[in-house]
Amino acid sequence: MRIATARVAAALAVGLLVVFLAGLTAAERDRVTVLEQAVREALRPPLEVVVRVQEAIRGTAVTLLSLPRIREEQEKLRAEAARVRELERRLAVLEEENRRLRALLGFRPPVEGRMVGAQVVGRNPDNWLSRVVIDQGTRAGIGRNAPVMTAQGLVGRVSSPGLYQSVVTLLSDPGSAVGAMVARTREAGVCYGQGGTELLRMRFFSRDARVEPGDQVVTSGLGGVFPPHLLVGTVVETFRGDYGLVQYATVRPAADLRSLGEVLVLLPGTSPSEPVPPSPGGVPSAGREGPR
Amino acid sequence: MTGRLLGAVGLLGVMTVLQVAVAPRAAVGGIKPDLLLLTVVGYALTRGSLAGCLVGAAAGAVEDFVLGQYLGVRALAFALVGLLTARAATRFFGDQPLVPVVAALGGTALAELTAWALWRVAGLPLPLGTGVARVILPSCLYNALVAVLFPGWWVRRAKGGLGVGTGA
């Protein structure tokens, strides 16, 4: 009896300790502990080797399978090259004209600042969360909440920076929240990840937000984490919830979050160049970006 | 003893690398097999509940460290799987070749539900209904499918490890 009671007490103590520890580490930290860093550093070399081997195998397989087509394409490419050279000449002229016109208008690109390229070397081990491990960390100037994107659009933000590797929380992670707006109507809201699916759920501040399937969604810049005008995704459907009082939309991310290879990390100091005017429904109060 | 410990550490290291870097490429509908969990189940079936519990705690802790958040959640979930898998197999085990499959199925359900509950307590908004449909059930099926590939000699060793005869 005493042994059974002791076991139950021990199990309860362990359970409470885990709940306490999980709660303590629920908030994101700017730095991880020495033990966590040691585990990550121990895994870094084999991870990088495995990724390189995978890339080499994939490259070889693609090349071998493409051999029959390569010769035919070679001829086509020769003709194309001649055409491209002519286009390049014309492009140079247009670029110079563009530069002059931009200078006249005082135009600045939507994002100013430095970016670091990184490769995705792994993903979260479980099936609930949506996170990836990249091969750049604080040594490259990356800090917590640094936005991460690809050529297709926004991917997420750095949630746990290490020395040489960092964990990126993707848009589809259940703990992710991004201040966003519909590019066409500038209706603002927050995009949340749902867990278990790549689709996002956008909750609008206005009950009668003007939004339609097919609308593009971009970052609003209101939360202070993501610069504005970064492409988030496309509206798939709209619906009402909470007894019809709240307007929602399902958003498909522009970037393919399940097949990430190389990403760009925006470093601190990257700032929006244009102020975001308030949406017709009124300026939303601090829609907090980052972790929910 | 030292050899077994080093062997366990080495195996966990290899499985962690495979889980983080290779398993995502085997994902079907966004669900990937949990090689670390299957390793814990294997340890529990062949070496008993204490070894399974310790290996489970270590494997889960490594997963928590990789994420850098909610430390202890996967450690406790995997420790429970390691502890209970062997005991359930001992109690309900028959001369069945599908023990690893059933253990993988039940262990996955237990691990995912435990992790879900702890994450919810820690503040992560994870709905149960859609979670069961989108994550837990598919994960159970996928891990059970992978467990089917366990070789016969391993199953016989699992039976020997539990002190059950191999039967006719």
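This is a predicted model, so every value here is computed, not measured.

Trainee: Where do I start with the interface of chain B and chain A in this structure?
Mentor: Interfaces are often sized by the amount of accessible area the parts lose when they come together. Each partner contributes to the interface: chain B provides 37 residues, whereas chain A provides 37 residues. Of all elements in the fold, only α1 (2-22), α3 (49-67), α4 (73-92), α5 (99-121) and α6 (128-147) of chain B reach the threshold of two or more residues within the side of chain B that touches chain A. The element that contributes the greatest number of residues to the side of chain B that touches chain A is α1(B), accounting for six residues. Residues belonging to the side of chain B that touches chain A are distributed by class as follows: 23 nonpolar, 10 polar and four charged.

Trainee: Would you mind going over the sheet that holds strand β4 (residues 147-149) of chain A with me for this structure?
Mentor: All names here are of chain A. Spatial strand order, β2-β3-β6-β5-β4-β13: six strands in a closed barrel with antiparallel pairing. Across the sheet, the mean angle separating the axes of adjacent strands is 45 degrees when strand polarity is ignored. With four bridges joining them, strand β3 (residues 131-134) and strand β6 (residues 166-170) adopt antiparallel strand pairing. Within β6, the position partnered with Arg 131 by the bridge is Thr 169.

Trainee: It is not clear to me how helix α2 (residues 35-47) of chain B should be interpreted in this structure. Could you clarify?
Mentor: Since the α-helix advances by 3.6 residues per turn, residues separated by three or four positions end up pointing in the same direction. Residue and element names in this part refer to chain B. Between its first and last C-alpha, α2 extends 18 Å over 13 residues, near the 18 Å set by a 1.5 Å rise per residue. Of all the 13 residues making up α2, 11 are buried; the element is thus mostly covered by neighbouring parts of the structure. Looking only at α2, the buried set comprises Leu 35, Leu 36, Leu 37, Leu 38, Thr 39, Val 40, Val 41, Gly 42, Tyr 43, Ala 44 and Leu 45. Where α2 terminates, the next one or two residues include Gly 48, which has phi positive at roughly 100 degrees.

Here is what the cut-offs are and how they apply
- Residues numbered from 1 in each chain as written.
- Chains lettered and ligands numbered in written order.
- Predicted model: local features only at pLDDT ≥ 70, side-chain atom pairs only at ≥ 80, totals over all residues.
- Contact = placed C-beta atoms within 7 Å.
- Helix = DSSP H or I, 4+ residues; strand = E, 2+ residues; numbered from the N terminus.
- Nonpolar A, V, L, I, M, F, W, Y, C, P; charged D, E, K, R; others polar.
- Pairing = 2+ DSSP bridges.
- Axes fitted to C-alpha atoms, helices over the stretch in contact; angles between N-to-C directions.
- Expected span 1.5 Å × (residues − 1).
- Buried ≥ 20, exposed ≤ 12 C-beta atoms within 10 Å, placed from the backbone.

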